[in-house]
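Close look at the chain arrangement
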Amino acid sequence: SFRPCQKIGTVADFPDFDANGDAEALYNAMKGFGSDKEAILDLVTSRSNGQRQEIRSAYKSLYGKYAALHGLLSSLCSSDANGAGTDEKCLIEILASRTNQQIHDLVAAYNDAYGRDIEQDIIGDTSGHFKKMLVVLLQGTREDDGVVHEEVIEEDAQALFAAGEEQWGTDESIFIMLLGNRSVTHLQLVFDEYQKIAEKSIEDSIKSELSGDFERLMLAVVQCIRSRPMFFAKRLYKSMKGLGTADNTLIRIMISRSEIDMLDIRECFRLRYEKSLHNMIQDDTSGEYKRTLLKLCGGDDDIAGEFFPEAAQIAYKMWEISAMTKVQLRGTVHPISDFDPGSDAQDLRKAMKGFGTDEDTIIEIVAKRSNEQRQEIRHVFKSILGRCEGSISRVRAQFCSKYCNGAGTDEHALIEILVTRSNQEIQDMCAAYKKAFKKNLEDAIRSDTSGHFCRILVSLAQVIIYSRNLQNLTDGIFLIVFQEFVRCSNKDIEQIIKKEMSGDIKNAMYAIVRSVKNQPSYLADRLYKAMKGLGTDDRALIRIMVSRSEIDLFNIRKEFKDTHDTSLHDFIQVEALVVSVALLVSHNVCVCV
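So, here's what we can say about the structure. (Residues numbered from 1 in each chain as written. Predicted model: local features only at pLDDT ≥ 70, side-chain atom pairs only at ≥ 80, totals over all residues. Heavy atoms only, no water.)

Helix 6 (residues 88–97) sits mainly inside the fold: eight of its ten residues count as buried. Buried residues of helix 6: Cys90, Leu91, Ile92, Glu93, Ile94, Leu95, Ala96 and Ser97, and no others. (Buried < 20%, exposed > 50% of the residue type's maximum accessible area, 1.4 Å probe, protein only. Helix = DSSP H or I, 4+ residues; strand = E, 2+ residues; numbered from the N terminus.)

Right, dumping it as structure tokens:
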């Protein structure tokens, strides 16, 4: 069983504290030309928020100013009051994550700072259901965490389902009333019950039923109810990734959570993003700002896999949700009605003959036909026009050779293919490989790989053709095993693999776990890695986009947006024609890879 959950910060009360002595030390460090930045940072980042307020008062009393230290010497409620008056994202973060007492302190601090009532400002600046939920949260009347109304848990879950998924339109007032007032513990149980009723998470329902700022606010509330540390880990990641850094968000969270749950935030960060918060701060910031943030972070995390209590419970819950969720896979390419392969073949021929190429026509045709329809076009092109060998098939042969050879030498591609394809798809791939290269894929794997890596690949290639229901059941059993591993060991199977294994066998095992846990998420990560950094892995990008377009590309897009806060569409950098040519020859490409 798990250890009792106790939130842990990285900053605590400094022993033998002397507010006047610290104020004097700060003054001496800042006076004259320049300043002793190291002394300042060491002092203010090693004092608790309460002690910093005493230093602020002493400094102001002794020297009459403290503007240079305003950020670290401001109280949490003052910092929240300043943030609440800036933008909607900051307002959402603060009101969704603070306790009742912190919200009451915020209201008072806002009045002191601006001489106005924050509720009236919110009413004047916002509208609709977004405004109503903000006002509810601003009352700070959520039930205490220990309050659970067991007799209405199922009733509340059913009410949420009836207000959204079960009817045309959404009764937002039910969402506002329940999510704005019930206790955290009660709502966690309600969300579990909702999952059973709706066969989808409350988050997915909110995304499909709500929109705009109201959707973002309700998602933030749900995320904080599930786990505040995970919510802040996501906020920190988004504040640093991509071009530029959202400094206000970064420093606000690092300061405000340093005494509350920073160690748990670090663990959640590592759990979700596979790198430590310390390392990301180090890579993304510089100078004294970086030193301040690293001190607040409290140190780097290794990858031993051991969890702090909060993170262990989150990891266990994530596996449980994965096991319970019945995901409806959705592609983005479907057969078109009124399909005419002859007409498409003629149009493609016109687009490719003569000088230059009509890329728009090629894209329009091949990107909007299903794989089966594309194969009909290919056969018509060859049988009627007699020029397939001079155009399409030459490209197809080039792609096939490139990709099938890759299946024997590109370890990352081979791992991805074998862990994500269904048993039937692997059987078809083995047959296509033998037809193309006159040898078994199994033998090719044995000749090109060795050791445990060879054994796991051969095992994956030697599939037994189960029914789809039995295959889904097998995946479900794996999810339960991984979940129980967390409970028994207080460690994460993914981190253990990364810690104890190395090289290709580590990559293969890690891919298997990720794929079983959430295959669209795994493939979204593969797409991200194919495009980020210098250059683009065009082969991986094309392979995944083509092979998943009729299966689960819609789900992959959703996972990509959730993780990276940008759409897959906006992130893609490759030439559209390259993807389109791959689509045209995807029968061989998808089977052989």
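Counting 68 residues, the largest nonpolar core has Met133, Leu179, Ile206, Leu236, Met254 and Leu277 as the members making the most contacts within it. It is helix 14 (residues 212–226) that contributes the most residues to this core, nine residues altogether. Look past the residues within four positions of methionine 133 in its chain and what remains in contact with it is Ile176, Leu179, Gly180, Phe214, Leu217, Met218 and Val221. (Core = buried A, V, L, I, M, F, W, Y, C linked by side-chain atoms within 4.5 Å. Contact = heavy atoms within 4.5 Å.)

Let us now look at the pattern of salt bridges. What the rule picks out here adds up to 20 salt bridges. The partner of aspartate 121 in a salt bridge is arginine 116, with the nearest N and O atoms 2.8 Å apart. Its relative accessible area of 39% is what places arginine 116 among the partly exposed residues. Note that arginine 226 and glutamate 203 form a salt bridge whose closest N and O atoms lie 2.5 Å from each other. Of this pair, arginine 226 sits in helix 14 while glutamate 203 sits in helix 13 (residues 202–209), and the two are 23 residues apart along the sequence. The network of salt bridges with shared partners includes Glu93, Arg235 and Arg252. (Salt bridge = Lys/Arg side-chain N within 4 Å of Asp/Glu carboxyl O.)

All right, on to the packing of helix 6 against helix 15 (residues 228–240) then. Two numbers describe a pair of packed helices, the interaxial angle and the distance between the axes. For the pair helix 6 and helix 15, the least separation of the axes is 11 Å and the interaxial angle reads 165°. It follows that helix 6 is roughly antiparallel to helix 15 by the angle criterion. In this structure, the crossing between helix 6 and helix 15 has a hand that is left-handed. Of helix 15, the residues touching helix 6 (which contributes Lys89, Glu93 and Ser97) are Arg228, Phe231, Phe232 and Arg235. Of the residues that constitute the contact of helix 6 with helix 15, the class distribution is two nonpolar, one polar and four charged. (Axes fitted to C-alpha atoms, helices over the stretch in contact; angles between N-to-C directions. Parallel < 35°, antiparallel > 145°, perpendicular 65-115°, else oblique. Left-handed = near helix turned anticlockwise from the far one by under 90°. Nonpolar A, V, L, I, M, F, W, Y, C, P; charged D, E, K, R; others polar.)

With that settled, consider unusual backbone geometry. The phi torsion at glutamate 199 lies on the positive side, around 60°, for a residue other than glycine. The backbone of lysine 438 sits at a positive phi, close to 60°, despite the residue not being glycine. Mapped onto the elements of the fold, lysine 438 is located in the loop between helix 26 (423–437) and helix 27 (441–448). Residue classification places lysine 438 among the exposed positions, given a relative accessible area of 69%.

Further remarks concern the environment of glutamate 88. Looking at where glutamate 88 falls in the secondary structure, it is placed in helix 6. The class of glutamate 88 is partly exposed, set by a relative accessible area of 37%. Put simply, glutamate 88 and leucine 217 are 129 residues apart on the chain and 9.1 Å apart in space, counted from C-alpha to C-alpha. Contact partners of glutamate 88, with chain neighbours within four places excluded, come to Phe130 and Asp213.

For the coordinates displayed, the defined rule picks out ten aromatic pairs. Three or more aromatic residues joined by ring pairs make a cluster, and in this case those are Tyr237, Phe269 and Tyr273. The ring of phenylalanine 14 has arginine 47 lying over it, and the distance from NZ or CZ to the ring centre is 3.8 Å. One residue, arginine 330, lies across the ring of phenylalanine 554, its end atom 3.8 Å from the ring centre. (Phe/Tyr/Trp six-rings, centres within 6.5 Å; stacked < 30°, edge-to-face > 60°. Lys NZ or Arg CZ within 6 Å of the ring centre and 35° of its normal.)

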